[in-house]
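Next come the chains, spelled out residue by residue.
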Amino acid sequence: STMLEVSGLSHRYGSGESAHVAVNELSFTVETGQLACIVGPSGCGKSTLLRAIAGLIPPTAGTVSLHGDRVTSVPDDLAVVFQDYSRSLFPWLSVAKNVEFPLRWSKLDKATRRARAAEALAAVGLSAAESKYPWQLSGGMQQRVSIARALASRPALLLMDEPFASVDAQTRFELEDLLRRVQVEQGTTVLLVTHDIDESVYLGDRVLVLSKSPARIVADLKVDLPAQRD
Ligand code: ADP
Ligand code: ADP
C-alpha cells in the first residue's frame with residue numbers, strides 16, 4: 001500500500017523580488033515498508049522537501065498525504081531525524097528522558113513510555129548509556145539517541161535529513177548498518193535525504209535522483225540487492 005503521496009509539491013521562500021522557489025511541483029509516492037533515498041546536489045531543495053513533507057513548513061502548492069490523510073500540520077505518526085544531533089537533544093535531560101520526551105504527547109501511561117524508551121535504546125545499542133547526559137556522549141552516540149527517540153514513537157514514516165553527514169566515516173558505517181537492521185526488523189517506512197550517492201545505494205531499496213535546482217526527478221531506481229561494504 002502507499003504510505004506517502006507527494007503531489008505537485010512546491011515551496012517558495014520569501015515573496016516578491018526576493019522570492020526563491022526551492023521545490024517546484026514534485027510528485028512521487030513511497031510504499032509502506034520501503035527505505036527510499038532522495039539524492040541530489042547541494043541546494044536542490046532536499047531539506048525543504050523533507051520539511052514540507054513533515055508539515056514543518058507549509059507548501060505553497062500541492063499536497064502531502066500520509067496513508068491517505070492529507071498532512072496539514074506535523075502528524076503524530078511521523079518522526080524526523082536531522083543532521084544536527086547536537087541541537088536536537090535536550091542537554092538537561094538524561095538519555096532515557098530525551099528518548100521518552102516526545103511520548104509525553106501520546107496517550108501512553110508512564111510505565112509504557114519508560115518501556116518504549118528502553119526498548120528503543122536497546123535497538124540502537126545504548127542501554128548502558130540510559131542515565132548519561134547527551135554531552136557525555138560522542139557525536140555518533142548522540143545521533144544514535146536521536147534515532148532511538150524517533151523510533152520510540154513507532155512512527156509510520158521516518159524522515160531523515162542527512163542523518164549521518166556530521167559523524168566520522170567509521171561511525172557513519174555503523175549507523176547506516178544500524179538503520180538498515182532496525183528498518184528491516186521493525187518494517188518502518190523511511191524517506192532519507194542525502195547528497196551521498198554511495199550512501200543512497202547502500203541504504204535504499206529505492207533511490208530517487210534529483211537534478212540541480214529547480215529539482216526534477218531525473219531517475220527513480222529500484223535497488224534489487226543491498227550494496228555490500230568491502
Ligand atoms: P538542499 O537540502 O538540497 O541542500 P535546501 O532545501 O536546503 O537544499 O535549499 C534549497 C534552496 O532554498 C537553496 O537555494 C537554499 O539556499 C534555499 N533556502 C533554504 N532554506 C531557506 C530559507 N529558510 N530561506 C530562504 N532560502 C532558503
Ligand atoms: P542543507 O544543505 O544541509 O539542507 P543548508 O546549509 O542549505 O542545509 O541550510 C542550513 C540552514 O540555513 C537551514 O535551516 C536553511 O533553512 C537555512 N538557509 C539555507 N539557505 C538559506 C537562505 N538563502 N536564506 C535563509 N536561510 C537559508
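Treat the numbers as computed from the prediction; the structure is a model and nothing was measured.

**Some details on the layout of surface pockets**
One number sums up the size of the largest pocket: a volume of about 840 Å³. Along the wall of the largest pocket there are 25 residues; nearest its centre are Asp76, Leu78, Ala79, Pro102 and Ser153. Elements represented by at least two residues in the lining of the largest pocket include exactly strand 6 (78-81), helix 2 (85-88) and helix 5 (139-152). Here the element with the most residues in the lining of the largest pocket is strand 6; it accounts for 4 residues. Considered class by class, the residues forming the lining of the largest pocket number 13 nonpolar, 5 polar and 7 charged. Together, Arg172, Phe173, Glu176, Asp196, Asp198, Glu199, Tyr202, Ala227, Gln228, Arg229 and Asp230 line the second largest pocket. At the level of secondary structure, the elements contributing two or more residues to the lining of the second largest pocket comprise helix 6 (169-186) and helix 7 (197-203). Of the residues belonging to the lining of the second largest pocket, the class tally is 3 nonpolar, 1 polar and 7 charged.

**Things to note about a positive patch on the surface**
Residues Lys97, Arg104, Lys110 and Arg114 make up a contiguous surface patch of positive charge. By secondary structure assignment, the location of arginine 104 is in the loop between helix 3 (95-100) and helix 4 (110-123).

**A short note on the pattern of salt bridges**
Applying the stated rule across the entire model yields 8 salt bridges. One salt bridge in this structure joins aspartate 196 and arginine 172, with 3.7 Å as the shortest N-O distance. With a gap of 24 residues between them, aspartate 196 in the loop between strand 8 (189-194) and helix 7 and arginine 172 in helix 6 connect regions that are remote in the sequence. In this structure, arginine 181 engages glutamate 185 in a salt bridge whose closest nitrogen and oxygen atoms are separated by 3.8 Å. One end of the pair, arginine 181, and the other, glutamate 185, are both in helix 6, 4 residues apart, so they sit about a helical turn from each other. What makes arginine 181 partly exposed here is its relative accessible area of 39%. On the basis of relative accessibility, which here comes to 55%, the residue glutamate 185 falls in the exposed class. Linked through salt bridges whose partners overlap, the residues forming this network are Arg172, Glu176 and Asp196.

**Some words on the site of ligand 2**
Taken together, Ser47, Arg51 and Gln83 form the complete shell of residues around ligand 2. In the environment of ligand 2, an oxygen atom lies 2.4 Å from a nitrogen or oxygen atom belonging to the side chain of serine 47. The contact in question runs from an oxygen atom of ligand 2 to an N or O atom on the side chain of arginine 51, over 3.3 Å. Relative to its free-state accessible area of 550 Å², ligand 2 is covered by the protein chains to the extent of 23%.

**Focus on the sheet that holds strand 9 (residues 206-210)**
Reading across from one edge, 6-7-8-3-9-10 is the order of the 6 strands in this open sheet, with mixed pairing throughout. Taken across any chain shown, the strands that pair with only one partner, and hence form the sheet edges, are strand 6 and strand 10 (217-222). On average, each strand axis in the sheet is inclined to that of its neighbour by 15°, with strand direction left out of account. With 5 bridges connecting them, strand 3 (residues 35-39) and strand 8 associate as parallel partners. Each bridged residue has a counterpart across the sheet, and for isoleucine 38 the counterpart in strand 8 is valine 193.

**Looking at the environment of leucine 221**
Here leucine 221 lies in strand 10. Measuring from C-alpha to C-alpha, the distance between leucine 221 and cysteine 37 comes to 9.7 Å, with 184 residues separating the pair along the chain. Those residues in contact with leucine 221, other than ones at most four positions away along the chain, are Asp205, Arg206, Val207 and Val209.

**Considerations on the nonpolar core**
The nonpolar side chains of soluble globular proteins are, as a tendency, buried together. One finds Val99, Ile147, Leu158, Met160, Phe164 and Leu192 to be the most contacted residues of the largest nonpolar core, which totals 34 residues. Put simply, the parts of the chain that give this core at least two residues each are strand 3, strand 6, helix 3, helix 4, helix 5, strand 7 (157-161), helix 6 and strand 8. Ranked by residues supplied to this core, first place goes to helix 5 with 6 residues. Those residues in contact with leucine 158 that sit more than four places away from it in its chain are Ala79, Val81, Ala150, Leu151, Leu179, Thr188, Thr189, Val190 and Leu191. Grouped together as the second largest cluster of nonpolar side chains are 28 residues, Val6, Val23, Cys44 and Leu49 included.

Rules and cut-offs
- Residues numbered from 1 in each chain as written.
- Chains lettered and ligands numbered in written order.
- Predicted model: local features only at pLDDT ≥ 70, side-chain atom pairs only at ≥ 80, totals over all residues.
- Heavy atoms only, no water.
- 1 Å grid on protein atoms, 1.4 Å probe; cavity = no way out; pocket = protein on both sides within 12 Å on 5 of 7 lines; lining within 4 Å.
- Points joined across faces, edges and corners; volume = space filled by probe spheres on them.
- Helix = DSSP H or I, 4+ residues; strand = E, 2+ residues; numbered from the N terminus.
- Nonpolar A, V, L, I, M, F, W, Y, C, P; charged D, E, K, R; others polar.
- Patch = residues over 30% accessible without salt bridge, like charges linked within 9 Å, V, L, I, M, F, W, Y side chains within 5 Å.
- Areas by Shrake-Rupley, 256 points an atom, 1.4 Å probe, with all protein chains shown as cover.
- Salt bridge = Lys/Arg side-chain N within 4 Å of Asp/Glu carboxyl O.
- Lys, Arg positive; Asp, Glu negative; His and termini not counted.
- Charge placed at Lys NZ, Arg CZ, Asp CG, Glu CD.
- Buried < 20%, exposed > 50% of the residue type's maximum accessible area, 1.4 Å probe, protein only.
- Near = heavy atom within 4 Å.
- Polar contact = N/O pair within 3.5 Å; in protein donor to acceptor, adjacent residues only side chain to side chain.
- Pairing = 2+ DSSP bridges.
- Axes fitted to C-alpha atoms, helices over the stretch in contact; angles between N-to-C directions.
- Contact = heavy atoms within 4.5 Å.
- Core = buried A, V, L, I, M, F, W, Y, C linked by side-chain atoms within 4.5 Å.

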